[in-house]
Amino acid sequence: MDFERLNGDIKEMRRRNRGLGLAVGVLAAGQIVALVVILNLLGTVRTVVVPPALNQTFWVTRDQASHEYLEQMGSFIAWLILDVTPASIDWKKDVLLGYVEPEQYGPLKTRQEVEAERLKRINAATVFAPQQLVPSEAAQSVVIRGRLRTLVNGFETANELKAYLIEFSYAGARMHLKAFKEVPYASK
């Protein structure tokens, strides 16, 4: 038996084992880093949804939307509710009801039907000119301030500064209208 050759072979095997052990250690560390990155990404998924018209970039997470998205949806909802004529109110009411939270569907439908009947009866139209949008990401709401003009038979009967609070809820990858109400006008 050649002890020199045997010792050389044992040293060569130990060197290879150290190299393989180092490679396994690097691969295990890579797996751990990848696992940590994946676990951190699980809670921060952003779903891209499209509002009725794209004017700005925005983001949406599991339960919240950016202020740009709130502004766009708020101005769209205000246009559906406040900028109406006897000819357009039925169509706008139907579009609006597609965005309403299920719990608010009945009351808002009734309110819009009563308003439609009133506008048709007196041949009135309302025109809302937004002047300021104040979104709140924390509350998922927008306060929209502007001038509301009311026309009856083509003659202006009112021209007032108004403010409206539009509250949203976000569920099922979709923004829903939670509340639309007039609030006291207070400029910033």
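Treat the numbers as computed from the prediction; the structure is a model and nothing was measured. In every chain, residue numbers begin from 1 and rise along the written sequence. Only residues with pLDDT of at least 70 get local features here, since the model is predicted, and only at 80 or more are side-chain atom pairs given and counted; chain-wide, interface and lining totals rely on the full set of residues. In computing side-chain properties, one takes all heavy atoms of the structure into account and sets aside hydrogens as well as water.

> Quick question: what am I supposed to make of the overall build of the chain here?
The secondary structure content of the chain amounts to four helices and four strands. Order of helices (α) and strands (β) in the chain, N terminus to C terminus: α-α-α-α-β-β-β-β. Of the roughly 11,900 Å² that the chain leaves accessible, carbon and sulfur atoms contribute 58%. The helix count covers DSSP runs of H or I at least four residues long, the strand count covers runs of E at least two residues long, and both are numbered beginning at the N terminus. Accessible surface area values rest on a Shrake-Rupley calculation with a 1.4 Å probe, where residue burial reflects the displayed protein chains alone.

> So what exactly am I meant to see when it comes to helix H2 (residues 67-82) here?
Within an α-helix, residues lying three or four positions from one another point in the same direction, as the helix has 3.6 residues per turn. For H2, built from 16 residues, the straight-helix expectation of 22 Å at 1.5 Å per residue is met to within 8% by its first-to-last C-alpha distance of 21 Å. Throughout this description, buried means an accessible area under 20% of the type-specific maximum (1.4 Å probe, protein chains only), exposed means over 50%, and partly exposed covers the range between. For H2, the tally of buried residues reaches 12 of 16 residues, placing the bulk of the element in the interior. Residues Tyr69, Leu70, Glu71, Gln72, Met73, Gly74, Phe76, Ile77, Ala78, Leu80, Ile81 and Leu82 constitute the buried set of H2. Structurally, H2 contributes buried residues whose contacts are with helix H3 (89-97), helix H4 (105-122), strand S1 (124-136), strand S2 (141-152), strand S3 (155-171) and strand S4 (174-183). Multiply 1.5 Å by the residue count of a helix minus one, and that product is the helix's expected span. Working rule for contacts: check all heavy atoms of both residues, and any pair within 4.5 Å makes them a contact.

> Before we go on, may I ask you to explain the nonpolar core in this structure?
Nonpolar side chains in soluble globular proteins tend to end up buried together. Ranked by internal contacts, the top residues of the largest apolar core, which has 26 residues, are Ile77, Leu82, Leu96, Ile166, Phe168, Met175 and Leu177. At the level of elements, H2, H3, S2, S3 and S4 are the ones that each hand at least two residues to this core. With nine residues, the top contributor of residues to this core is H2. When near neighbours in sequence (up to four residues on either side) are disregarded, isoleucine 166 contacts Gly74, Ile77, Ala78, Gln140, Ser141, Val142, Ile144, Leu177, Ala179 and Phe180. Within the second largest apolar cluster, five residues are counted, among which are Val84, Ile89, Ala116 and Ala124. The term nonpolar core refers to a set of buried residues drawn from Ala, Val, Leu, Ile, Met, Phe, Trp, Tyr and Cys, joined through side-chain atoms within 4.5 Å.

> Would you explain the pattern of salt bridges in this entry?
Side chains that differ in charge, positive against negative, can pair when their charged atoms come close. Each reported salt bridge corresponds to a side-chain nitrogen of Lys or Arg within 4 Å of a carboxyl oxygen of Asp or Glu. As enumerated under the stated definition, the model contains nine salt bridges in all. Close ionic contact of arginine 149 with glutamate 156 constitutes a salt bridge, the shortest N to O distance being 2.5 Å.

> Just to check I follow, could you spell out the sheet that holds S1 for this structure?
Sheet strands associate in pairs through backbone hydrogen bonding, adopting either a parallel or an antiparallel arrangement. The strand order S1-S2-S3-S4 describes an open sheet built from four strands, whose pairing is antiparallel. Of all strands in the sheet, those bounded by a partner on one side alone are S1 and S4. In this sheet, adjacent strand axes meet at a mean angle of 30° when their direction is disregarded. For every element, the axis is a line fit to its C-alpha atoms; helices are fit only across the contacting stretch, and the angle between N-to-C directions ranges from 0 to 180 degrees. Helix-sheet contacts for H4 involve S1, S2 and S4, and the interaxial angle to S1 is about 140°. The criterion for strand pairing is that DSSP finds at least two bridges linking the strands in question.

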